[in-house]
Structures are given as C-alpha cells and as structure tokens.
Amino acid sequence: MNFNTDIRYLKGVGEKRALLLAKLGVGKVGDLLRLYPRLYEDWSKIFTIDQAPLDRPVCIKAKVLKAVSEHRVRPGMVIYKTEVSDGRSLMQITIFNNKYAAQKLAVGKEYLFWGKLSHNLILYEMNSPEIENPDGNNIIRPVYPQTAGLTSRMLANLIKSVLKSLDKKTLDPLPPQLLEKHNLLPLNDALLNIHFPKDFAMLERARHRLIFEELLFLQLGLYLMKGRDKTASGAFIEKDYTHDFVSLLPFKLTGAQERCIAEATKDMAKAHPMSRLLQGDVGSGKTVVAAALIYNVVKNSFQAALMAPTEILAQQHYKTFSQILEAKGIKIALLTGSTTAKEKKLIKDSLADGQIQLVIGTHALIQRDVAFLNLGLVITDEQHRFGVNQRALLGEKGVNPHIYVMSATPIPRTLALFIYGDLDISILDELPPGRQKIETYAVGSDLRERALNYVKKHLDKGLQAYIVCPLVEEGESEMAAANQYFQELSQGFFADYSVGLLHGKMKAKDKDSVMKNFVDGQVRLLVSTTVVEVGVDVARAAIMVIENAERFGLSQLHQLRGRIGRGSHKSTCILISDAQNEESKRRLEIMTQTNDGFLIAEEDLKNRGPGDFFGSRQHGLPELKIADMLKDADILKTTRLEAENLLKADPELLQEQSKALKTAVKDLFGLKAMSALN
Ligand code: ADP
Ligand code: MG
C-alpha cells in the first residue's frame, strides 16, 4: 500500500464510507494520512474527581465500586449505571444503550474514564464516558474533523491500520540532508506521531516536520511558477503615452493614480518584464490605472488582456474601456463563458492575428486555445478571487508579458512578498475627490422595518439601493434562499418598486440583463447575494442593507459596502444583526467606525477563526492543512531559503532525487495542467 492507493481498497471502506470520506476530501491513502487531527485528547493527564475542571472533557482514573445496574427506560433505550471512586470522591457513571461498554466494567478494577464531569448537590457524574484499561501507557488520542456517519473513532482506527500496513519504503519527499540539517522527523515517523503521538514532545516534532514540508512545497511551487523574473522582457515599452491618455478622461487623475501609473510604465521600460501588484481600497480608481497601462502597451504595438473574476465585472470593464479607448481606434473584445461559439472563434482568430488589441474576459481567457500575436500586458482585477495557477496560466500566453495584478484586499507585506516573490507593489492610497464617507450603522432586526423604509425614501428620491441577502449556512441552497428572500421583498414591502434579483447560480445571460437593468436605472432595488461583492460600479446606488451581517467577514462587508458611495450622493450602509456575542458586536462596531479597508483587513486578520488559514484560500493559494503563514512565519522564512537552495541545485526539479519532491509540490497545488510544473 502506498499514498496513491485508492481508499476504496482498504479493509472496512465500502462505497458508502468512501463517499463520506470524499466529503472530507479523502480519496487516496495519502489524503487520509494528511487528514490531521483537529485536536487531541490528553489521556496522560489524570485528574482526581474533586479537582477536575467541569467545563471540558477530562481523564479520571477510578475503581468500580459496584456491579453495573441495567435499567430499561423505554423500548430501545437501556441505561447502565455504576459508581466509581478514585479514593477521594465518588462518581456516578451513566452509559446509554452501550452494552459493550457496560460489560467491560468489573467490580474492584480500575479504569480510565474520559468525559465531561458534572457536579450536582450530592454527587459527581459522568455520562457516556469512553473507557480504557489503565495500561500505563500515556496516551494522546486524535480527534478528527467529522462528517455525519463517520466518527472520529472510525477515522482513528482506519488511519491506524493504514499506518501499520503502509509500505515502509514510502519515499520521503524531503532530501535526507534537509532532514538532518533541520532536525526533522522522517515522513513515516511524522505521520505516525501526528496521528498517534507518543508524547507531546513527539507531537510537536511531528507538527514541525509537517509544517516545514507544507511550506516548503508551497514555496517551491510558487518559485517554479514564477521563474520569469530573470527572463528578458517581451514587451519593451519605448514611449510613454500617459499624457495622451489623460486627455481621454472626463476627470483629473488623483496624485496616487499618477504615481502608480508612472511606477508601472517605468517598469515596462526595463529589460525584465514587470511583475507588479496594485493595492487600492474599493473605489480608489484602480480601473483607470489599468486603462492607462493598457493604452501605453497598445500604443507601443502590443496586445493586452484584462481578466476579471466574474462575468458581470468583465462586462462592466468592457463597457468602461470601450468608452475610453475605442475613440482612439483601439479594438476591444469581450470573451466570457457566455460568448457564443461563433463569436468566440472570431475573437480567437483576431487575437491570433493581432487585429484585436485588448481582450477583456473571465477565466475563459486562460483556455488553451486562446492565443495571441504579441501579448504584452496581462492584468488581473480583484486578484484574490483567482488562484495563483490561473494567473500564471494567463502570463504564459505571451512571450514574457508584463504582469499587473490589482487587489482591494490588502495583504501584509511579508505575505505579498512571499506570494509574488519579487513582485513590486504600488499603493493607491487616495480616493478620487468628492467622495463621501459611507455612513454605516449596525442595528438589530427590530429596526429592520425602519431600515427598509429608509431604503424606500431614497428610491423615491430617484436613487438606487442594494439589499444583500443573508449568507446561507453550509448545506443550504443559496439559490433557494435568495429566491425566497426576493419573493418576500418584491411582493411585500417593495411591491410598488421594480426589484431585481442577482445570485451566483443564475445563468450568465440572466445576471447580465438584471445588472444592465440596474445600471440603466430600470431596476431600482437590487436584491443580491455576495456576487455583487466585486467591482460593480453604479453611481446612483447609495443605500445598502446587509442582512445577518455577523455572518460575513469584515473585509467582505467592506467590499460589499464598496458598491455604494461611488458617486457624489450621501451613502448609507445598514448592517442588520441580532448577534448577541460580544465579539460579533465589536466587529460590526468597527465597520461603523472606519472606512479604511487596510484597518479593517487587519482586524479581520486578528479574528480569523481556527483553520481559516490566512492568505491561502483568500489569496488564491492552495489550502494549507497544517501550516499557518502568520504563526509559522519563522518556518516560512527558513523554507523560503531552502526552496531557493533546492532550485539552485536543480532549477526545475528534474533530477531523479527530486522526483518525489516534485510530485508532492504538484499534489499541493492540484495542478496537473500547469506547464511550469510539468
Ligand atoms: P476600484 O478601485 O474599486 O476598482 P474604480 O476603478 O471602479 O474603483 O473607480 C471607482 C469610481 O471612481 C469610478 O466611477 C471611476 O470612474 C471613478 N474615478 C476613478 N478615478 C477618478 C478620478 N481621478 N476622479 C474622479 N473619479 C474617478
Ligand atoms: Mg475595481
């Protein structure tokens, strides 16, 4: 058996269990072994009954004082009871319906009981404890993430048996000299001890080894995908046309926009291709910066591509860019999932022969068969919505095109450096003039009607509004919830108004027409899910109501809120929430106090929940299973150096001894198709 063995071939795993395991992302033995415990039960720390804490599960060693009694309380429910003592206090044990556990207990013998202790006036009690013989082994037991039908126990047993029959020669992807240098456990030992730690010291070493390897794979992958920093520029921008471009605009650039444009045009006149990140809060005017760069590139006879994460946004960009650039005879095309096959063919042909100078689109742009004559600049908008691999794929289309990524989600500098390597950063830190602060209020649902009336009042004044539906819980259907919510509003409170609905599961064509109607002002009120989060720009939209606001991340609320306050109208955002817990209240309070996206992102960082590894999913990186890029910053630094060393010796990991390493890197990124990692 090795890491690639399908789990369906394991003893005890049938079709049904395989399906449940698939829910946890487990398909192969390797996935199973990398389903790390969520936490551990410490059976090595034994409490006396009178000193054990009452609020969490504990281990107690006690002697059974009397024979287990059996009580049939109703059909199908048998309760077993007994009394145990640790020599200082008595404890009553109650077991429900588990004959097997009850039979195990013999009078006069000592056992370990694991469970939550409670205490009423007369006695201590433990319900449904787990029971073990005290064999003297200190045991630390794994607790796994669970899914219905699969208990942590079952997973532990399965993993234990796999670890036993795993091919001992399983290749450790880390080279031996690295293990030695950093005192790392070999893979087999690390896996054994992450699941069934011998003691806490070994657990720590196992964790360290696995964090080390995960961060190393991550950085190797990122380096392999880059590798372009040293190449020659494929699109040398000789002449700066920014001045010319400015005359096309109905407004004056902000100082920050001028600076950011200058930083990028300077890059593009260098010997190596540009790799630059533009960070700017929502509404800071990133689109115009992109337009200026595209104009420069096209005027220097290269093609440009702009990739947006959603169809709606791509369409909006298409409109904006057409307005600005088509007057100058620049040919622009829109390529998305809903472009007809016939159109697509035409566009592809014209991209290949250079007739189209700018293509705007969604990830349809990165399809294999889209080729360019001389792609000079690739821009991705709202980059955090893309995977690194997607971005890299577009960058591979030209001969070393310049790469420019734009983001409204600030990334701590260390992390940006790491995600983008030697990526340079421009910061758009000035809002266009005349912007009003978005007044934000957090209210309970008792004020919901008032909030909706407030919306009405503004619709009557000719303005527009968004209402963001509650975020659905996992397992609920976004579509069903959105539809129902929409029905309620459009037939009830807002029956006299034209209301539109926008959600992620709609056909692109329908999304498009709803959005168009909203932009035109035919639809006055847009009920939407978070699909409006990115980039959409409607100047007359001045009010936003967000339901169940506590369910959203702060940065996400900030992005959503960024849809209003884009014109010169006074804008208001109302966060509705009945959350009682102090933390939620405090977070919403922050939204009412500041409009500063960077500050909000920092708050978000402080409050990320367990397992919500900052910087991975949010920034298009593969999901990390054990490492935490902020907490493990030291290891991150070390592995960065080691990744560089490894690649110095074997730049594309082609040598025999790098084989396992490369496979591991590919597995982490899930990238079979990426040429850089082939
Ligand atoms: P974001 O950074 O969120 O992508 P946009 O590029 O969509 O922001 O710009 C937001 C709005 O600000 C747009 O309507 C745009 O036309 C306008 N805008 C951008 N730059 C300026 C400027 N210098 N002066 C006035 N309005 C501007
Ligand atoms: Mg934008």
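Structural data are supplied above this passage.
Residues numbered from 1 in each chain as written. Chains lettered and ligands numbered in written order. Predicted model: local features only at pLDDT ≥ 70, side-chain atom pairs only at ≥ 80, totals over all residues. Heavy atoms only, no water.

Regarding the pattern of salt bridges
Opposite charge on two side chains allows them to pair when their charged atoms are near. What counts here: Each salt bridge in this description consists of a side-chain nitrogen of Lys or Arg and a carboxyl oxygen of Asp or Glu lying within 4 Å of one another. Helix numbers and strand numbers start at the N terminus; a helix is a DSSP run of H or I with at least 4 residues, a strand a run of E with at least 2. A 1.4 Å probe rolled over the protein chains alone gives each residue an accessible area, and that area as a share of the maximum for its type sets the label: buried under 20%, exposed over 50%, partly exposed in between.
A full pass over the atoms with the stated rule returns 22 salt bridges. Across the salt bridge formed by D50 and R88, the nearest N and O atoms sit 3.0 Å from each other. Residue D50 is found in the loop between strand 2 (46–47) and strand 3 (58–64), and its partner R88 is found in the loop between strand 5 (77–85) and strand 6 (90–96); the two are separated by 38 residues along the sequence. For D349, the salt bridge is made with K345, and the minimal N-O distance between the two is 2.9 Å. One end of the pair is D349 and the other is K345, both in helix 12 (residues 341–352) and four residues apart, which spans about a single turn. Taking relative accessible area as the criterion, D349 reaches 38% and is therefore assigned partly exposed. Salt bridges here are not isolated pairs; linked through shared partners, they connect R259, E263, D267, K270, R276 and D429.

A word on unusual backbone geometry
What you tend to see is this: most non-glycine residues have negative phi, and most peptide bonds are trans. With phi around 50°, N183 is a residue other than glycine that occupies positive phi space. With respect to the element layout, N183 can be found in the loop between helix 5 (176–181) and helix 6 (187–195). Even without a glycine there, the phi angle at S301 is positive, about 70°. Within the secondary structure, S301 is located in the loop between helix 10 (286–299) and strand 13 (303–307).

So, the site of ligand 1
Rule in force here: Here, proximity means that at least one heavy atom of the residue falls within 4 Å of the molecule or strand. Pairing of N or O atoms within 3.5 Å defines a polar contact, subject to two protein rules: one partner must be a possible hydrogen donor and the other a possible acceptor, and residues neighboring in sequence count only if both atoms are side-chain atoms. Only the protein chains shown count as covering a residue, and every accessible area follows the Shrake-Rupley method with a 1.4 Å probe. Just so you know the grouping, Ala, Val, Leu, Ile, Met, Phe, Trp, Tyr, Cys and Pro go in nonpolar, Asp, Glu, Lys and Arg go in charged, and all remaining residues, Gly too, go in polar.
Around ligand 1 sit 16 residues, and of these G283, T287, R435, D537 and R566 come closest. One of the backbone nitrogen or oxygen atoms of G283 is found 2.6 Å away from an oxygen atom of ligand 1. The separation between an oxygen atom of ligand 1 and a polar side-chain atom of K286 is 2.9 Å. About the coverage of ligand 1: the protein hides 84% of its 570 Å² of free accessible area. Of the residues that constitute the shell around ligand 1, the class distribution is four nonpolar, six polar and six charged.

Overview of the pairing of strand 6
Note the cut-off: Whether two strands pair comes down to DSSP finding at least two bridges between them.
Counting buried positions along strand 6 gives five out of seven residues, so the element sits mostly inside the fold. If you look at the hairpin formed by strand 5 and strand 6, you'll find four residues sitting between the two strands, and G87 has a positive phi there, around 95°. Relative to strand 9 (residues 124–127), strand 6 is paired through four bridges, and the arrangement is parallel. Paired with I93 across the bridge in strand 9 is M126.

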